[in-house]
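# What the coordinates show
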Amino acid sequence: MEKDIDIDGLRLHYDVTGPEGAPAVVLMHGWGCDHTTVRSVAAVLEPAMRVYNLDLPGHGRSDEPPTAWGVGEYTDLVEKFTRMLGIDDPVLIGHSFGGRIGLLMASRNPISRMVLIDAAGIKPRRGPRYYIKVYSFKAARRLLPLVLGRRRGQEVIDRWRGKAGSADYRNSSPVMRAVMSRCVNQDLKHVMPAIKASTLLIWGENDTATPLADAKYMERHIPDAGLVSFEGAGHYSFLDNPGGFRAVMREFFKKDLTQNN
């Protein structure tokens, strides 16, 4: 069932499936996606669990954030969502960007369990070429308006930014570009030891966006975490190996799927 809820003046769209009164699951997609991208994840659990599948702000049919939010603001909103709907101790499932929110939320709230799928949250290591590009851009942003004039200089800067950024960055609005830049540079390693919930990590061994090394770090630093990786799968491991993904999820949620079916 497709629904909207107003949280502090921001419209949050979500899809809710599964029996009322069953254990609650909050499902969060990755950057540049929406709730339909992870619909197959919801389908594994909805026969016996109540799945709240969100369009995160700035994605799908939810409003954009009013300012350049970081992971903290996104997490605040999801926490408010659970309180408004009376959801206690939910299961959290996050893919990619949604995993950032899951990490922070699980570190400061009672959470039943958590599944992180090719999750972001560890700041990527940067080589010298990256810093040369960043500092060159910063210098150009200051100098070009002086040399070419404010309007012409800004046009050149915008073209440079569009060519240099990732596809996700280029396809985002100005506000969401600022959000993306802020969130990518937030490292959540420090919150991992505070996560008390049993955590399942599902990863593609060929993931280049959030490499398998990130999953191994999470497995070591989240106290009750276990890792399952799929050979040949990439950043969307749940789509690259749907059969293996379903089997792992059904085993992890075996008790819920048996009791509530």
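Residues numbered from 1 in each chain as written. Predicted model: local features only at pLDDT ≥ 70, side-chain atom pairs only at ≥ 80, totals over all residues. Heavy atoms only, no water.

### A few points about the overall build of the protein
For clarity, the cut-off: Strands are runs of DSSP state E lasting at least two residues, helices are runs of H or I lasting at least four, and both sets are numbered from the N terminus onward. Under the scheme applied here, a residue whose accessible area is under 20% of the maximum for its type counts as buried, over 50% as exposed, and between as partly exposed, the area being computed with a 1.4 Å probe on protein chains only. Whether two residues are in contact is decided by their heavy atoms, any of which lying within 4.5 Å being enough. All accessible areas in this document rest on Shrake-Rupley with a 1.4 Å probe, and a residue is counted as covered only by the protein chains that are shown.
Within the protein, the secondary structure is distributed over 11 helices and eight strands. In the protein, buried positions account for 48% of the 261 residues. If you take every contact in the protein between residues at least 6 apart in sequence, the share linking residues at least 24 apart comes to 70%. As presented, the protein carries roughly 12,800 Å² of accessible surface, and 50% of it is formed by carbon and sulfur atoms.

### Overview of the packing of helix α2 (residues 71-84) against helix α3 (residues 97-108)
This is how the line gets drawn: Axes here refer to lines fitted to C-alpha atoms; in helices the fit is confined to the stretch in contact. Angles between the N-to-C directions go from 0 to 180 degrees. Convention used here: angles under 35 degrees read as roughly parallel, angles over 145 as roughly antiparallel, angles from 65 to 115 as roughly perpendicular, and any remaining angle as oblique. Crossings are sorted by hand: turned counterclockwise from the far helix by less than a right angle, the near helix makes the crossing left-handed, and turned clockwise it makes it right-handed. When residue character is reported, Ala, Val, Leu, Ile, Met, Phe, Trp, Tyr, Cys and Pro are called nonpolar, Asp, Glu, Lys and Arg charged, and the others, Gly included, polar.
Two elements in contact, α2 and α3, have axes separated by 9 Å at closest approach and are oriented at 70°. The angle between α2 and α3 places the two elements in the roughly perpendicular class. Helix-helix and strand crossings are classified by hand; for α2 and α3 the assignment is right-handed. For the pair α2 and α3, the contacting residues are Val 71, Gly 72, Tyr 74, Thr 75, Asp 76, Val 78, Glu 79 and Thr 82 in the first and Phe 97, Arg 100, Ile 101, Leu 104, Met 105 and Arg 108 in the second. Broken down by class, the residue content of the contact of α2 with α3 amounts to seven nonpolar, three polar and four charged.

### Section: the side chain of Ser 96
Positionally, Ser 96 belongs in the loop between β5 (91-95) and α3. Among residues more than four places away in sequence, those in contact with Ser 96 are Gly 30, Ile 117, Asp 118, Ala 119, Ala 120 and His 235.

### A few points about helix α10 (residues 242-252)
Defined as follows: Picture the helix axis, draw a direction to every C-beta atom, and the arc is the one those directions span.
Taken together, the buried positions of α10 are Phe 245, Val 248 and Met 249. Viewed end-on, α10 has its buried residues packed into an arc of 95°, placing them on one side of the element. Packed against the buried residues of α10 are α1 (39-45), β5, β6 (113-117), β7 (198-204), β8 (225-230) and α9 (237-240).

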